[in-house]
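# Topology and contacts: notes
The residues making up each chain are set out below.
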2 protein chains.
Amino acid sequence: MTRLWNEPENFADEMIDGFVRANGRWVRKVSGGVTRSTRSEEPTVSLVIGGGSGHYPAFGGLVGHGLAHGAAMGNLFASPSAQQVESVARASDQGRGILLSYGKYAGDVLHFTEAQDKLRADGIDCRTVTVTDDIFSAPADEKDRRRGIAGDLTVFKVAGAAAAAGYDLDGVERAAILANDRTRTMGVAFTGCTLPGADEPLFSVPEGRMAIGLGIHGEPGIDEVDIPTADGLGEMFVERLLADAEIPDGVSVQGARVVPILNGLGSVKNEEMYIVFARIATLLEDAGIELVDPQVGEFCTSFDMAGVSLTLLWLDDELESLWSAPADTPAFRTGSVDSTSLVERDEIDDSIADEVIPDASDDSRRAATTIVKALDAVKAVIDENADELGRIDAIAGDGDHGIGMKRGSHAAVDAAHVSLDKGAGAQSVLASAADAWSNKGGGTSGAIWGVILRTVGEHLGNTDAVESARVADGLGSARQAVMDFGKAKVGDKTMVDSLAPFADTLTERVAAGDTLIDAWAAASTAAKNAADATADMMPGMGRARSHGEKSLGVADPGAVSLAMIAAAVLDVLRAASDH
Amino acid sequence: MTRLWNEPENFADEMIDGFVRANGRWVRKVSGGVTRSTRSEEPTVSLVIGGGSGHYPAFGGLVGHGLAHGAAMGNLFASPSAQQVESVARASDQGRGILLSYGKYAGDVLHFTEAQDKLRADGIDCRTVTVTDDIFSAPADEKDRRRGIAGDLTVFKVAGAAAAAGYDLDGVERAAILANDRTRTMGVAFTGCTLPGADEPLFSVPEGRMAIGLGIHGEPGIDEVDIPTADGLGEMFVERLLADAEIPDGVSVQGARVVPILNGLGSVKNEEMYIVFARIATLLEDAGIELVDPQVGEFCTSFDMAGVSLTLLWLDDELESLWSAPADTPAFRTGSVDSTSLVERDEIDDSIADEVIPDASDDSRRAATTIVKALDAVKAVIDENADELGRIDAIAGDGDHGIGMKRGSHAAVDAAHVSLDKGAGAQSVLASAADAWSNKGGGTSGAIWGVILRTVGEHLGNTDAVESARVADGLGSARQAVMDFGKAKVGDKTMVDSLAPFADTLTERVAAGDTLIDAWAAASTAAKNAADATADMMPGMGRARSHGEKSLGVADPGAVSLAMIAAAVLDVLRAASDH
């Protein structure tokens, strides 16, 4: 379990501080993560990686010469926000284009894509290669739907080396895609990690048993067996990874050259891994494979989760040359980097310009006061239910929903109060709350709540009186924006399952002449019923699916929290109308 | 806990195999451990390090250019045997002398010193610098009595860099002594590790509590407190390590340059350590200290023990230059090593010449048959009691006594049978059993049982009839040899406490005319009573003492196992006389 922290909610920020203080030779802190503290004399394509924190050395530990130029470092197990990614990318840009690369999870896809859109809008050539190496998260013929786990390293290393070798953005992108196509990982786990401040592990595996294919945030695996011997585990790894479907196109096993990476997730230690590795090496060699530069250690962890994964990178000549190129980062060093060729970077300006508060009408300011009260109530209801939301999320997902909603709603409330005190109207208050929620909440829920608050605010404006129809229209637009953003539809077991009936009911009732309070009450009930009904659904968006999985009998945490929030806001609306 | 192995007794051997297969770029396997797979063009002083396994990257992970030339890798938490150290040293020798360096534990001191004596007898200039950095294992004015923990790294790194820089043996030794004088470590722990195949952790700390000063094998600490915040732990570390008594002579804190090393023992992860490090960095800087090349990671572990230690290396100009020099090993890489200056080494001959069996008389061969039966009985009684011996050893020591005795007695029995089948007499059978026990048993007990069997064998010879007086004389000499070897006396709570009354009683009774069986029976009873009485003694040799410790109410495991063995041999003697 995780034992050392000051305040759980500050964990990621303080961790990044310490990381930067210990590794100033390689990295410098910028808003949203880190960027290199040195630059090469000739500008290159920049590789920007990132993801949630709790996976050290992924992601900040892989920033340095020959590897990444910057890492967006999100909160614990939560995607960095679009703002964080954008800030790190701008600080890492050298004018030759940016490759974004990260493990494929819904929250990361949302935020990195939003950042990419903003960078492109500014004329920066920006591409994305997601890592999809986890063979158990989708079938082989749907590799694109797989999650990214320890195979992050091969894709980042190859892309970073390509950038250092002077490849243009097309070339770096092509090399990263090739590396991902030729990378496969299988993981197993014995126990889960306990996040800082949490009472219980994210998941548990019975004593003496081993979960196969379990994700690095505790996402469900495909099977559970008795713990095998070290040799038995080595045999299981090799058998699965040498299955026909996992051999990349155009590769012949006999005579192949492969980098094997045996990765410890946290508390499976090197001694154990070396015993497993001995068997793996024999089996791969017996299959006619030549091992190149084997790696045994920790490359993508999950706090102190007891687990281990084997990654195979199937080389061709280009990949071998890029894999073998020198690299020098806090946590991955190979070959000989001539540090005399690196120069210290100038100061990096990553400050964000002071927000200008647009003028607002008295009506809109009054509405803003009610909105801030509603946000206070949202924060309170989330605080009260955060543990339960985390618990139901841990059953099918990564267990961070409660923590993420708590962080996001706290940040939103703080920002909204500041904005209100500066005289902001409804739209400005909601916009600042939206930015803060998205930025600090992280993950999928942070992104989505950012979209909801921002979209509703756009319909309310700063000068108009707040009318029921505007509220209903705002929520209707938010419903559509969320579905577009996350590519989820009703029935995918996501928060859309309660957002859609909420918005639809609200629109219908307002159109039928109900007061806002009555319409909101009906919409809340609809949301609550719909959220409860998600307990019978199969999981969809929010994580990659595993083979043959069944409904897990718990409701979707995003749908549940939306219904809770709707109910809490109803109480505020009622109280406001009583005055 | 440790979960992945094939057979617990093969753990260390298989681990070394896998380690070498993964890291052939740096290391090659030799009998007893590893040596570098490359050499520099000019021969240098050789640095040979070592210790028990289970502390990765200590010790094999630190072999490579700029660091060690070889590592003797003992069994789990057990010193390598003298033969292992000697073999690794010979394979690493470049003709310019050898520095042996290791953490100060009784077993390691015994075996490394024996190896040093043999190397010196062969005309190889060989010196020793032990690492004594653990501030809680003895008071500051007795630094020489302290244990070695994570500070191993600073001493090895400085000595390895001095060797690479071309220093002669005097110079390398001087630099290593200076580094040790200027290195201090404080450690804490939250949970113990469970050795492969063991049912229970070596030690436990109550939930929510933290043990202060606990050793890397679970040796007792000095205090236990509630787990502090990350900041609180950082403050505790800095306060203790900046106490006046821990500032090396001639150093002024204000303006000092210090390398801080925050070391995770296994399952305290980087994220947590970075939060603690942030506070440490602030406090050290506030004290006027300049931080040089901070290290946060795993440098000396204890399987998956949850613990963390802070080491400070107080630099002078020479130490700073040696610390900062390039190094390239499986687990520690810094700066830029020009690998073109390294050449692959030729094949290393570390085979041991075939044993020649001296001629033996029929009488001596008959006695050898009884000796082998006695060894069979020893093996059986150890097997039966290994868990209990481990348990009582874990209370005051490192918990490896049962495992070590089992490994040693099994190897001794195997070797004795081979020797007997080749027609060996009493002395030869005992000599081969002695070598095997010492080599495979490892630790203090392996060394001591090697001495006992060898010494008794020397008194029996291969041609004489085995008489009671020879047996008694042999045990009297063995008693003296063990006391000389381990520098322990009666009352130090070691196996000498039962060996001495056993040998003395045997000698007295044989001199008084008793049969060997009667004399042995009386001696066994004396040994048993004396072993039981050690439960009331304070611990002495066998580990470094901690401040103000009390008798722990359990008997010394070495004294207990000697009494068990004496009783088991008595049964064999009786059965043999019945025929």
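Residues numbered from 1 in each chain as written. Chains lettered and ligands numbered in written order. Predicted model: local features only at pLDDT ≥ 70, side-chain atom pairs only at ≥ 80, totals over all residues. Heavy atoms only, no water.

Per an unreviewed UniProt entry, chain A goes by the name Dihydroxyacetone kinase family protein and belongs to Mycetocola manganoxydans.

### Structural notes on the overall build of chain A
What chain A contains, in helices and strands, is 16 helices and 17 strands. With respect to the principal axes defined by its C-alpha atoms, chain A has extents near 80 × 55 × 45 Å. Within chain A, the fraction of its 579 residues that count as buried is 64%. Intrachain contacts of chain A at a sequence separation of at least 6 include 74% that bridge at least 24 residues. Surface exposure of chain A reaches about 20200 Å², of which carbon and sulfur atoms provide 48%. Positive and negative charge centroids in chain A, built from 49 and 89 side chains respectively, lie 1 Å apart. (Helix = DSSP H or I, 4+ residues; strand = E, 2+ residues; numbered from the N terminus. Buried < 20%, exposed > 50% of the residue type's maximum accessible area, 1.4 Å probe, protein only. Contact = heavy atoms within 4.5 Å. Areas by Shrake-Rupley, 256 points an atom, 1.4 Å probe, with all protein chains shown as cover. Lys, Arg positive; Asp, Glu negative; His and termini not counted. Charge placed at Lys NZ, Arg CZ, Asp CG, Glu CD.)

### A word on the packing of aromatic side chains
Throughout the structure, instances matching the rule amount to 22 aromatic pairs over all chains. For the ring pair F11 of chain B and F303 of chain B, a centre distance of 5.7 Å and an interplane angle of 65 degrees mean the geometry is edge-to-face. Taken together, the residues F11 of chain B in helix α1 (residues 11–22) and F303 of chain B in the loop between β13 (295–297) and β14 (306–314) connect sequence positions 292 residues apart. The same class applies to F11 of chain B and to F303 of chain B, which are both buried. In this structure an aromatic cluster arises from ring pairing among F11, F77 and F303 of chain A. (Phe/Tyr/Trp six-rings, centres within 6.5 Å; stacked < 30°, edge-to-face > 60°.)

### Observations regarding the UniProt feature "domain: DhaK" (unreviewed entry) in chain A
In the numbering used here, UniProt assigns the feature "domain: DhaK" (unreviewed entry) to residues 7–332 of chain A. Spanning residues 7–332 of chain A, this segment combines 31% helix with 24% strand, and its end C-alpha atoms are found 30 Å apart. (UniProt positions renumbered as here; feature names shortened; annotations may be inferred.)

### Structural notes on the sheet that holds strand β1 (residues 27–30) of chain A
All names here are of chain A. Spatial ordering of the open sheet is given by β1-β2-β5-β4-β6-β7, a layout of six strands whose pairing is mixed. On the outer flanks of this sheet lie β1 and β7 (126–131), each paired with one strand and no other. Strand after strand, the sheet turns through a mean of 25 degrees between neighbouring axes, direction not considered. One ladder, built from three bridges, connects strand β2 (residues 33–36) with strand β5 (residues 70–76); its direction is antiparallel. Residue pairing for β5: V34 is matched across the bridge by A71. Helix α4 (residues 152–164) contacts β4 (46–53), β6 (98–103) and β7 of the sheet and is inclined by roughly 170 degrees relative to β6. (Pairing = 2+ DSSP bridges. Axes fitted to C-alpha atoms, helices over the stretch in contact; angles between N-to-C directions.)

### Some thoughts on the interface of chain B and chain A
Every contact between the two is made by 56 residues of chain B and, on the other side, 56 residues of chain A. Of the roughly 4700 Å² buried between chain B and chain A on both sides combined, carbon and sulfur atoms contribute 57%. Taken as a group, R3, L4 and E271 of chain B account for 17% of the area that chain B buries against chain A, more than any other trio of residues on that side. One can count four salt bridges joining chain B with chain A. One salt bridge in this structure joins K269 of chain B and E298 of chain A, with 2.9 Å as the shortest N-O distance. The interface formed by chain B and chain A contains 31 residue pairs in polar contact (both at pLDDT 80 or more). Elements with a contribution of two residues or more to the side of chain B that touches chain A: α1, β8 (183–191), α6 (230–241), α7 (270–286), β14 and β16 (333–334) of chain B. (Buried area = accessible area lost by both parts, 1.4 Å probe. Salt bridge = Lys/Arg side-chain N within 4 Å of Asp/Glu carboxyl O. Polar contact = N/O pair within 3.5 Å; in protein donor to acceptor, adjacent residues only side chain to side chain.)

### Quick notes on unusual backbone geometry
Residue and element names in this part refer to chain B. Residue Y56 is joined to P57 through a cis peptide bond whose omega torsion reads 10 degrees. In this structure, P57 sits in the loop between β4 (46–53) and β5 (70–76). In this model, A58 is joined to F59 through a cis peptide bond whose omega is 10 degrees. Along the polypeptide, F59 turns up in the loop between β4 and β5.

### Considerations on the pattern of salt bridges
All names here are of chain A. Applying the stated criterion across every chain yields a total of 62 salt bridges over all chains. A salt bridge links R184 to E246; its shortest N-O distance comes to 2.9 Å. With a gap of 62 residues between them, R184 in strand β8 (residues 183–191) and E246 in the loop between α6 (230–241) and β11 (257–264) connect regions that are remote in the sequence. Taken individually, R184 and E246 each receive the classification buried, so the pair is uniform in this respect. When the shortest N-O distance is used, the salt bridge between R479 and D504 registers 2.8 Å. Taken as a pair, R479 in helix α13 (residues 468–486) and D504 in helix α14 (residues 496–511) lie far apart in primary sequence, 25 residues in all. On the basis of relative accessible area, R479 is assigned to the buried category, the value being 18%. In this structure, a network of salt bridges that share partners links the residues D125, R127, D170 and E173.

### Regarding the relation of the copies chain B and chain A
Between chain B and chain A, the superposition needs a rotation of 180 degrees and an axial shift of 0.0 Å, giving an RMSD of 0.1 Å. Those values place the two copies in the arrangement expected of a two-fold rotation axis. The overlap is high: 100% of the interface residues of chain B also sit at the interface in chain A, so the same surface is used on both sides. (Least-squares fit on C-alpha atoms with pLDDT ≥ 70 in both.)

### Comments concerning the environment of S81 of chain B
All names here are of chain B. Topologically, S81 is positioned in the loop between β5 and α2 (82–92). Among the residues examined, S81 registers a relative accessible area of 0% and is labelled buried. Once the C-alpha coordinates of S81 and A106 are considered, the two residues, 25 residues apart in sequence, prove to be 12 Å apart. Not counting residues within four places of it along the chain, the set of residues in contact with S81 comprises H111, S438 and N439. A polar atom in the side chain of S81 sits 2.6 Å from the side chain of N439.

### So, the side chain of T154 of chain A
Residues and elements named next belong to chain A. Locating T154 in the fold gives a position in helix α4. Separated by 2.8 Å, the side chains of T154 and T183 make a polar contact. If near-sequence neighbours (up to four positions away) are discounted, T154 is found in contact with A179, T183, I261, T311, L313 and W323.

### As for the packing of helix α10 (residues 401–421) of chain A against helix α11 (residues 426–441) of chain A
Any two packed helices are characterised by how steeply their axes cross, that is the angle between the axes, and by the distance between the axes. All names here are of chain A. One can describe the packing of α10 onto α11 by two numbers: an axis separation of 7 Å at closest approach and a directional angle of 150 degrees. Handedness of the crossing formed by α10 with α11: right-handed. For the pair α10 and α11, the contacting residues are G404, M405, R407, G408, S409, A411, A412, A415, A416, S419 and L420 in the first and S428, V429, S432, A433, A436, W437, K440 and G441 in the second. (Left-handed = near helix turned anticlockwise from the far one by under 90°.)

### Overview of the nonpolar core
Judged by nonpolar contacts, the single largest core of 106 residues is most densely connected at V34 of chain A together with M186, F237, L262 and V308 of chain B. Counting residues per element, this core draws most heavily on α7 of chain B, at nine residues. Setting aside chain neighbours within four positions, we find V34 of chain A in contact with I16, F19, V20, V27, R28, K29, G60, V63, G70, A71, M73 and V88 of chain A. Formed by 105 residues, the second largest nonpolar core is a distinct cluster that contains V268 and L310 of chain A together with I16 and V20 of chain B. (Core = buried A, V, L, I, M, F, W, Y, C linked by side-chain atoms within 4.5 Å.)

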